[in-house]
Structure formats: structure tokens, C-alpha cells
4 protein chains.
Amino acid sequence: MTDSRVADWWGTAVSRIEPNRVELRGTPIQDLIGSVGFGAMIWLMLRGERPTDQQTALLEAALVAGVDHGPHAPSIAVARMAATCGVGLNNAMASAINTLGDSHGGAGQECVALLDEIRRREDAGEPLPAATDGVIAEWRGRGVRYLPGFGHRFHSRDPRRDPLLGLVDKAVAEGVVPGHHLRAALAVETALNRGRSSPVPMNIDGATAVIYAELGFPAPLARGLFVLSRSVGILAHAWEEIGQGRRNKGPIPPAILPTYLG
Amino acid sequence: MTDSRVADWWGTAVSRIEPNRVELRGTPIQDLIGSVGFGAMIWLMLRGERPTDQQTALLEAALVAGVDHGPHAPSIAVARMAATCGVGLNNAMASAINTLGDSHGGAGQECVALLDEIRRREDAGEPLPAATDGVIAEWRGRGVRYLPGFGHRFHSRDPRRDPLLGLVDKAVAEGVVPGHHLRAALAVETALNRGRSSPVPMNIDGATAVIYAELGFPAPLARGLFVLSRSVGILAHAWEEIGQGRRNKGPIPPAILPTYLG
Amino acid sequence: MTDSRVADWWGTAVSRIEPNRVELRGTPIQDLIGSVGFGAMIWLMLRGERPTDQQTALLEAALVAGVDHGPHAPSIAVARMAATCGVGLNNAMASAINTLGDSHGGAGQECVALLDEIRRREDAGEPLPAATDGVIAEWRGRGVRYLPGFGHRFHSRDPRRDPLLGLVDKAVAEGVVPGHHLRAALAVETALNRGRSSPVPMNIDGATAVIYAELGFPAPLARGLFVLSRSVGILAHAWEEIGQGRRNKGPIPPAILPTYLG
Amino acid sequence: MTDSRVADWWGTAVSRIEPNRVELRGTPIQDLIGSVGFGAMIWLMLRGERPTDQQTALLEAALVAGVDHGPHAPSIAVARMAATCGVGLNNAMASAINTLGDSHGGAGQECVALLDEIRRREDAGEPLPAATDGVIAEWRGRGVRYLPGFGHRFHSRDPRRDPLLGLVDKAVAEGVVPGHHLRAALAVETALNRGRSSPVPMNIDGATAVIYAELGFPAPLARGLFVLSRSVGILAHAWEEIGQGRRNKGPIPPAILPTYLG
């Protein structure tokens, strides 16, 4: 007999497992396999209900956009180095995913929080430009130098911004999402660019934050969703590295090592 | 100027990043966002080419099937416990993914290897039943007690088997996949059940291994794909746990703790 | 030839490696092996200079005190579960160490920060009791319910408190450490217990925080040192679990599983 | 009341925790704090009994020798990169420790296994040189190109070899350890160097493997002990990196990045 205290401690609304039965979010698994795509399954697992096809398409666009940004990103470099150390592919992925912290994987989460603050001021009656300036001033006052989701140290204009925002525009026009967070993000962009010769456009974290927030995901899940997305690139790079056969790969090629550390 | 030795050391065919340009597997990111779903993107990143819609559907069915098997699985329990310890969501996910090792996340990989061995014997001219018996005998001889992908300690018949194999059947009929690995897996099932009153049917690892192998993924990627799949459940459980507000959750409810450790 | 930008990027004062030469903190490794104990080596690596024997003894006492608190702690439970999943011992340890976050492994670090704040008020001329009350009020005002380093959900009096503080007392008497953080911690204890029937004594995190702070370690290293300490217990438990031969151990014994998840 | 099945599932001989009581390996914690050094505590936790001072000194020498080999080692590079990504110090350490896999952290473990095989042949009556040649031939026959514990891609003579083996020699002379594994390791070295102009001397993994094996640790603990040792360097490097204030550090300095990835 089960101890009810144990059952409470490990109770969950996510899944229910009985002999010969697996229910996820209340639906038997056999009714999901073949009927629900992977993006919709992610939504269902995180929110407990199924998305529409249009919601799914928007979510998947954001997931596609974030899969990879090359081996200079710490997460990808760590994945490739770890993959050469004699650990499982899952371990190499874990070492990498583990680096998607506040500054590497958390910008989307923080950007959703930023946009939510602007939205709350709007809801309290402030016009959007004033709400935006007010929130930016607050963040600056807290010592935040780079607003999360805006500007990129490598791209003067992030090539992922326009296609993502174009999809949000379309979704707003079709009534799929309300558009409030999109407008807030554009207002931040406008405010940041005021009086600057080199603009600070929205980056991948900002554009995906708009999508996640428009779709109703709370801020912390912006990081969770980014982890799911970037895991694809992490796996692809770890796998490629394994195929190259290096052993205990360091950050610097051995050819220039002797003097480098000397 | 770039040192070419550095460029070689970190060179990759997965992605190419230049200022204001992100190419993944040779395609500019703006041509992928909104055009390619998440499942197809996973395929493209791992293999360098785009799948057909039918291939994508089969891949996504396998990814959907593996997302979760409840908090008794070590990976999910670890995710939930870690999420209460004051770490980021990505860290909780990493601790969990890290446990998807040879025995927890590697059965699919080993099952692909098992089926590949049978296939090689077939290619060398052995009839399928003989090839199957031969390979099973070899694995038994190496001390393998439970063949990877068959039998389940909890389900006498894994509810994910039939819908997954049904989709493979259909894909074979439509010429999407050749069906060799499916037949090999069914031959193993037949051989295992011969003379037994309680059958040892294919489990989730076996059924997804069939799909991954039929789609042409090498064995190690069966584990990589399972990691992507199970990460969804890991995230959903970690997120639910955070919402419950526990702190430093142990495996056993504190109510029964004092005497338990005494 | 080495690129100097690469050398700068990876430059370090911790170690210098040349062919047939390993220098750690400026000392050739052959002058350390056999001459320096493990505790002194930890000090040297973190601070760049060698400790006295008395400093080493105090540091090692704190490291000894924190190695383990049983399998109900998430870190230990995670280590044991991960060790059954077919991963390397280092992977099981990593999954566990990864859970030593803000609430599980960070209390020592926060306690050092708390004591530092009191010390700064004292330095500015406030008497210790007023400084203590002021800082406590500030932390309470920020919503902190449990002051880090005080009280224990399991022990009404943590058995590690007295022996650790006794060693600090002795070290103060011998002039090894100044004693300011000890006095601040005792002042917090006094303030917390004022007017309470059940006292809230210092716990392991508080007592070790006193030692680390008295020895001059900055707050974040209190967490780093705790990781080194708890890693010993994590390894011991993972190793014991491996010896027991379970496979994919969940948090709940399978004997009570069928109905638990049903 | 405790469920005995739960108590069995989480039962351990490592620690026993009751209210106001912490026992490690049967000894109350208050009898260990201040009486036992950190090295002896590591031994006690792993083996259940206390070492002699001479055993402790030998163990600590091995732990000291392995703490660091510079930022080109993947583990150290990963620690430094992870530390810049906005994660906790424990998370940066975990990502790094996670890379100490079969090829990066497992050579000591494999070397103990190698020496154990030679010892077993000796016990069965083979003379040491024949036993050594036989085992080497077996490993070569299995495709092992580099014997674990011998040779170094960077050092022609590992500077940690002589001081470590000198300590073992002394311990053998004093009757602290039997010397069988030392002789086996030297026999391997002799066999490997036979007829070679450039010798392949024992490296850090080999020399520490000799110590761990002489002290009676089973092979897998050679990896566990190396993790404890290298964690010190991992922490020192992560901490130094944090002090340098970089954000999302990649493997290559940004100054040479634009063309590198182009």
C-alpha cells in the first residue's frame, strides 16, 4: 500500500503512470503519438492544454531561431570540448546546457520581465512611450547597462529579428496574439535608438521574448524554451566533434600551445 | 587577422556566423524561420539536409512518445529536486539530462546497435530468424540479461509500442522507410517470446529505436534524440516543482524523515 | 608562434605549464608534492600564498564538518540516483554538485555577507548590538524569513556548532584569527533568541561561514569551499550506491510504486 | 512512522542522522571536527576506517599533485567559460567536473586496472617481466594505443612522476605500503622503453594510480579521488575568471573572432 505522504510529495499534474498506461496532462499517450507534433507537445507539457496550429507555428519559429550561434558561444564550445573527454553524449549536452545561465541563456527571461513591467504601467494608465521611458530609467538606475534583448556584440542588426517580428505582426493581424508585448518591445527599441547614430536593435533574445510573452508563457519559461532550442545546436556540434575524433580538446590548438602557456 | 590554426580547430559545417549573417547548415537563418518546423530543424541540424514531411512526422512521433514517464524516473526526480535548490532552470535541467546515461537513456542507442547487427547478418545472406537467434545468442553470451528495447519493469505491455509501430508500418507501406529494422525488431520480439507464457514486448526504447534507425540515424543519435525528447518532460516537471515552492526537496517527505534516518 | 591575444585571453596567475614544468601559484609542483598537505594546497590555489599550520587546521576543520548530512539532502540523493544510471562517477558527482545552489549550498556564502555587513557598520562606529539589530532589520525588510546560517529544520541544536566555534575561540585566543566575525555571529544568535522559548542557534553554514570569514575568504568562496567539502560525501554515497547494484534508482522503492503513481 | 521499505531504499553505512546527532561512518561528527584532517576524512568516508598518518600523507601527496594542469585542459577551460555565463560557482564547477570522463579523468582508474591485471598474473606464478609483457600484449591486442598512465603529449618527462614515486619508495621502505603496484608500474615503464630512443615515462595518472592502488583503493575510486583533487584547480580558475569580469567568454578572443567564423 502506498503511503499517502509519499504520494503527496511526488504528486504531479504533468503525468500519471499506471501499469500499461501513460497519461500526459490527462491524455493517454496513444492519443498523442502521431496526432500531436513536437512543438505542440512542448506546449501541452508546459501548460496543460493544446495549442492551436497558429500558436504552434509561432512557438516553433522561435525555437528554430535559437538553435545555434556557432562554436564561439560558450555553450557550444563547452559541448564540443566535453564531447572529446570520454563522456556520454547526454553528459556533453548537460555540461553545455548548464552554462545557459543568467547572462548566456537568461536574456530572454529578463526581456519578458522588462516587457511585463512596461505592460503593467500601461495597464495602470500610462501611455506606452512614458511607460517605456519610465521602465528603462528604472533599469538604468539599478545599474543595468545593456537592456536584455537589445543590441548584439557581434551583429549590428541581428538577422533573426526581422523574420521573427514579421511572424508576430502577422499573428497580431490574424488575432492569434494580442500584440501588446510586441508594441512594448518596439517602444523600447525606439527609445534606445533616440538620438543615436548607431541603433541598438532588438536581438534574438528580444524577438523570441516577444513571441513567448505574446503566447502567454511566463518569463522563466523563456529560459526553459531557449534551453530546448539551443539543445539542438548543442547536440549537433557535440556529434560533429565526436566524428572528428579529437581527444581532450582544449580551447586552443596544440600547435600554438607550447609557447602559449610558457 | 585570424590564425588559420585557430580557424581549423573550431571549424564546423554546422553553422557559419558573420556580422549580420547566421547560416545553419548552409541556409541563412531568415530562410528557415517560419518555413521549417522544430522537428525538421532538428533533422537539418543533425544531418545537414532537410527531411520530407513524412520523415518529419515519423521523427516527431518518436520525440513526442519519450517526453516523460513520471517522477519515479531518476531523470525527472533529479530535475524536480534540483529545481528546489536555488539554481537556474537550465541547471536543474542539466543535472537531470546528465543522468540519461547508458542504463537510463542509452537503451535506444543499444537497441539500434542490436538491430544493426541483425541487419548486417541478413545482408551477408543469413535468413532473418537465424540472424536474430545468432545475435541474441551473442549478446546473451556477453552477459546481457535484458536485451535493450524489450521488456519493461513496470508495463507488461508498453502503451507506446503499438501506436509507434503502427506509424512505422504505415511509413513502410508508403515507401517512406524501408522496414528492415522494423522486421528485425519484430523478429527479436518473436524470438524472446518463444515458449514464454508472459511475453517480453518491445518497449518505448525499442519502438523509438526502430523509428530512428529506419530514418537513418546512427545509433549514438538515438540517445541524443531521446535527450531532446525527455528534456521536455524534465522542463515541465522542474517548472511545476518551482511553482510548488518547496526548498531543498529530498526524496522522502520530511513527515516520515525523523525515524527514517534514525 | 603564439598569438598574444590568445595568450591574454587564457592567461592566468594560477598555473604556468611549460614542457616538463608545472608551476602552481609560482611554485614548481615538485616543491609542493610531499611538502604541502591537501588543505594547505586548497588555500594556496585559492589565495596564492601558503597558510600557517594553524590556519590550515582551522580550514580543514570546516571542510571536515560539511562533508555529509545524509541521503535526504538533495545533493546526496541526486548523487546516489545518478550513480545508478550508467554514467561515470564524475558525472554522478557533477549532477549532485550542480544542486548546491543558492538555497542548498549558498547559505554559507550569504552568512559571510551578513556578517560582513555587520562588520562594516561596526567599522563605521556603531556598537555591535545596534549594528546587528540594524542589519537583521534590513534583511527582514527585504523579505528574508530565515537568516542564513541560523536555525535548522532538523536539529534544534546543530551538533557541529559547538566544536567548530570552540576551535574559533581557541584560534582567537592564540591570535590566529581576529575574532570579529565570530563576535558578529554570536551577536546575531543572541538577537535571534531574544524573547524566544525555542532558540535558533547557529548551524553548520553559520559556523563554517565564521571560519571562512575569519580566515579572510571572500563570501563566494564560502560556497566554493563547501562544494569541495560536500564532494567528499557525494563521492562516498555514489560509490556505496554503485556497490549495491541498483539500476535507474528512483526516489521511491518500487515495492510501493504501483499504487503511488496510480 | 517510517515505512521500512523506504528506510531500506535509502539506507546507508556512510552516515546516520538523528535530531541533534550526525554520525559519519559510525563516529559522532563532534569527535571528528578538529581531530581529523581533510585527507584523513576523505579516507574515512570512502573506506569506513581511519588511516594512519603515513597513509594520509601519501594520499594527500597524490591529491596535491593533480589539482591543476592549466587552462588548456578541457576541465579547466570549461570551468572558466562557465563561470562567465551567470551561473553559480557550484554550477561552473559541475560543468567542469562533468568533463572528467574516461579519457580526461579516467586514465588513473584504467591504470589501476592495468596494474591489477599484472598483479593477478604474478599471484598466479608468472614472473613480473613476463606478466607485464603479457598484459601489455593483451591491451595492444584490444586496440589500446596509449597505455593509461604512461607518456604525455606535452611533457617528455612529467615533473610530477619523480616526487610521487619517491614518496612511494619511502613508504615501501617504511612498510606503509607493500610495493607490488609500484614494481608493476616500473615494469611497464621498462617494457615500454625497451628499444626506444625517446622513452615513455609514467605520467601523473600513472604515478597517482600507483599511490591509490598501493593504499588499497579500488580502480574506480582513482577517478573519484582525481575528481576531488582537480576540483581544487577548477575552483581556483573559476574564481580567478570571475574576478576578471568577462561575460559569456568563448574559447577565442573576440579580437580575432570576426574573420575566424567568417
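Residues numbered from 1 in each chain as written. Chains lettered and ligands numbered in written order. Predicted model: local features only at pLDDT ≥ 70, side-chain atom pairs only at ≥ 80, totals over all residues. Heavy atoms only, no water.

Draft legend 1. Highlighting the overall build of chain A. Within chain A one finds 12 helices and three strands. Seen through its C-alpha atoms, chain A measures out along the principal axes to roughly 65 × 55 × 35 Å. Scored against the burial criterion, the 262 residues of chain A give a buried share of 64%. The contacts of chain A with a sequence gap of at least 6 include a subset with a gap of at least 24, amounting to 68%. Of the roughly 8,900 Å² of accessible surface on chain A, 50% is carried by carbon and sulfur atoms. Across chain A, 26 positive and 27 negative side-chain charges occur, with their mean positions spaced 6 Å apart. (Helix = DSSP H or I, 4+ residues; strand = E, 2+ residues; numbered from the N terminus. Buried < 20%, exposed > 50% of the residue type's maximum accessible area, 1.4 Å probe, protein only. Contact = heavy atoms within 4.5 Å. Areas by Shrake-Rupley, 256 points an atom, 1.4 Å probe, with all protein chains shown as cover. Lys, Arg positive; Asp, Glu negative; His and termini not counted. Charge placed at Lys NZ, Arg CZ, Asp CG, Glu CD.)

Draft legend 2. How the structure looks around the sheet that holds strand 3 (residues 27-28) of chain A. Residues and elements named next belong to chain A. Spatially, the three strands line up as an open sheet ordered 1-2-3, and their pairing is antiparallel. For this open sheet the edge positions go to strand 1 (15-18) and strand 3, each flanked by a neighbour on one side alone. Note that strand 1 and strand 2 (residues 21-24) share four bridges and pair antiparallel. Across the sheet, residue S15 finds its bridge partner in strand 2, namely L24. (Pairing = 2+ DSSP bridges.)

Draft legend 3. Seen up close, the packing of helix 2 (residues 38-47) of chain A against helix 3 (residues 53-65) of chain B. Where helix 2 of chain A meets helix 3 of chain B, the axes come as close as 9 Å, and the angle between the chain directions of the two elements is 20°. On the basis of the axis angle, helix 2 of chain A is roughly parallel to helix 3 of chain B. Along this stretch, helix 2 of chain A crosses helix 3 of chain B, giving a crossing that reads as right-handed. Of helix 3 of chain B, the residues touching helix 2 of chain A (which contributes F38, G39 and M41 of chain A) are E60, L63 and V64 of chain B. Taken together, the residues of the contact of helix 2 of chain A with helix 3 of chain B break down into four nonpolar, one polar and one charged. (Axes fitted to C-alpha atoms, helices over the stretch in contact; angles between N-to-C directions. Parallel < 35°, antiparallel > 145°, perpendicular 65-115°, else oblique. Left-handed = near helix turned anticlockwise from the far one by under 90°. Nonpolar A, V, L, I, M, F, W, Y, C, P; charged D, E, K, R; others polar.)

Draft legend 4. Representation of the domain arrangement of chain A. Per the domain assignment, the segments of chain A are domain 1 (15-51) and domain 2 (107-221). Relative placement of domain 1 of chain A and domain 2 of chain A: their C-alpha centres are 32 Å apart. (Domains from an automatic or database assignment.)

Draft legend 5. View of the confidence of the model for chain A. Summarising the model, chain A shows a mean pLDDT of 94, and 97% of its residues fall at 70 or more. This complex was scored by the predictor with a pTM of 0.97 and an ipTM of 0.96. (pLDDT = per-residue confidence, 0-100.)

Draft legend 6. Just the relation of the copies chain A and chain B, in detail. With an RMSD of 0.0 Å, chain A superimposes on chain B once it is rotated by 180° and translated 0.0 Å along the axis. Such a combination of turn and shift is consistent with a two-fold rotation axis. Ranked by how close their C-alpha atoms come to the rotation axis, the residues of chain A are headed by A94 of chain A, at 2.2 Å. Same-surface contact between copies: 100% of interface residues of chain A are shared with the interface of chain B. (Least-squares fit on C-alpha atoms with pLDDT ≥ 70 in both.)

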